[in-house]
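Structural overview
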Amino acid sequence: MALNQNDEQVYLFTGSSEIFIKNRMNRIIQGYDPKETTVIRYDMETTSLSTVLTDILTIPFLEKQKIIILRRPRFLKTIHQDEKNAVKDFIKYLKDPVETTILLIDATNMNISNTNEIYKVLKNTAFIVNYDNTEEIEIKGWIIRTLAINNIEITDDALTLFLEYLNNDQ
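So, here is what we can say about the structure in this document. (Residues numbered from 1 in each chain as written. Predicted model: local features only at pLDDT ≥ 70, side-chain atom pairs only at ≥ 80, totals over all residues. Heavy atoms only, no water.)

Focus on the packing of aromatic side chains
For any pair of aromatic rings, the description rests on two quantities: the centre-to-centre distance and the angle between the ring planes. For the structure on display, the rule yields four aromatic pairs. On the numbers, 5.8 Å between centres and 10 degrees between planes, the contact of Tyr11 with Phe13 is stacked. Of the two residues examined, Tyr11 and Phe13, each falls in the buried class. Look at Tyr11 and Phe127: their rings are 5.6 Å apart centre to centre, the planes differ by 80 degrees, and that puts the pair in the edge-to-face class. Taken together, the residues Tyr11 in strand β1 (residues 10–15) and Phe127 in strand β5 (residues 127–131) connect sequence positions 116 residues apart. Chaining the aromatic ring pairs together yields one cluster made of Tyr11, Phe13 and Phe127. (Phe/Tyr/Trp six-rings, centres within 6.5 Å; stacked < 30°, edge-to-face > 60°. Buried < 20%, exposed > 50% of the residue type's maximum accessible area, 1.4 Å probe, protein only. Helix = DSSP H or I, 4+ residues; strand = E, 2+ residues; numbered from the N terminus.)

Structure, rendered in structure tokens:
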């Protein structure tokens, strides 16, 4: 069980709405005490799965937990022959994650293969957050909340005009 009762231990973020995905990931990170949590980020375009596995399996040293973010997880599209052993170990980890580690897999704007063996396991073990084709009501709510945080109010007419100006460009 995750140390923060509201969170899962493994998340998979999919879809094309970068703002909503980034915002959700930041809310998860902010749910943990920064003095007791390390946040580690990996770009999977340049980092091997075996390197990440070493870090995932290592218990935090001076903190209570750690959050590991995997950006652009190429292993969800194709698995290279030289990573077969790492894939087996990663699948084993996904089925029984370390309690002190929260894993966030950011697959924003990626075409994930439904036949990929890691994805098949993630469908059963991870909390999947998909922000694809966000509704206008969601975008309006997000804008209103973001402005409210900064003590700014917006009228409905101004919000509509703002959205027309943006033309769905997040």
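Looking at the packing of helix α2 (residues 49–57) against helix α3 (residues 84–95)
Here α2 crosses α3 at 30 degrees, and the two axes come no closer than 9 Å. Put simply, α2 runs roughly parallel to α3. Considering how the two elements wind past one another, α2 and α3 form a crossing that is left-handed. For the pair α2 and α3, contact is made by Leu49, Ser50, Leu53, Ile56 and Leu57 and by Ala86, Val87, Asp89, Phe90 and Tyr93, respectively. For the contact of α2 with α3, the class distribution of residues is eight nonpolar, one polar and one charged. (Axes fitted to C-alpha atoms, helices over the stretch in contact; angles between N-to-C directions. Parallel < 35°, antiparallel > 145°, perpendicular 65-115°, else oblique. Left-handed = near helix turned anticlockwise from the far one by under 90°. Contact = heavy atoms within 4.5 Å. Nonpolar A, V, L, I, M, F, W, Y, C, P; charged D, E, K, R; others polar.)

A short note on unusual backbone geometry
Look at Arg72: it is not a glycine, yet its phi comes out positive at around 55 degrees. In this fold, Arg72 is placed in the loop between β3 (65–71) and α3. The class of Arg72 is partly exposed, set by a relative accessible area of 38%. Positive phi, close to 60 degrees, is recorded for Asn109, a residue that is not glycine. Positionally, Asn109 belongs in the loop between β4 (101–108) and α4 (117–125).

Some thoughts on the environment of Thr146
Within the secondary structure, Thr146 is located in helix α5 (residues 136–149). The sequence separation of Thr146 and Thr47 amounts to 99 residues, and the corresponding C-alpha distance is 34 Å.

Things to note about the environment of Glu63
Residue placement: Glu63 occurs in the loop between α2 and β3. On the accessibility criterion, Glu63 (28% relative accessible area) is partly exposed. Residues in contact with Glu63, not counting those within four places in the same chain, are Lys35, Glu36, Thr37 and Thr38. For Glu63, the side chain forms a polar contact with the side chain of Thr38, separated by 3.0 Å. (Polar contact = N/O pair within 3.5 Å; in protein donor to acceptor, adjacent residues only side chain to side chain.)

A look at the side chain of Asp106
Tracing the backbone through its elements, the reader meets Asp106 in strand β4. Apart from residues no more than four positions distant in its own chain, Asp106 is found in contact with Phe13, Ile21, Met25, Leu70, Arg71, Arg72 and Pro73.

Section: the pattern of salt bridges
Should their charged atoms come close, side chains of opposite charge can pair. Going through the model one piece at a time under the given rule, you end up with five salt bridges. In this structure, Asp43 and Arg72 form a salt bridge, with 2.1 Å as the shortest nitrogen-oxygen distance. With Asp43 in strand β2 (residues 37–43) and Arg72 in the loop between β3 and α3, the pair connects residues that are 29 residues apart, well separated along the chain. In this structure Asp43 comes out as partly exposed when scored by relative accessible area, which is 22%. Between Asp55 and Lys66 there is a salt bridge; the shortest N-O distance is 3.0 Å. One end of the pair, Asp55, is in helix α2; the other, Lys66, is in strand β3, and eleven residues separate them in sequence. No difference in accessibility class separates Asp55 from Lys66, as the two residues are buried. (Salt bridge = Lys/Arg side-chain N within 4 Å of Asp/Glu carboxyl O.)

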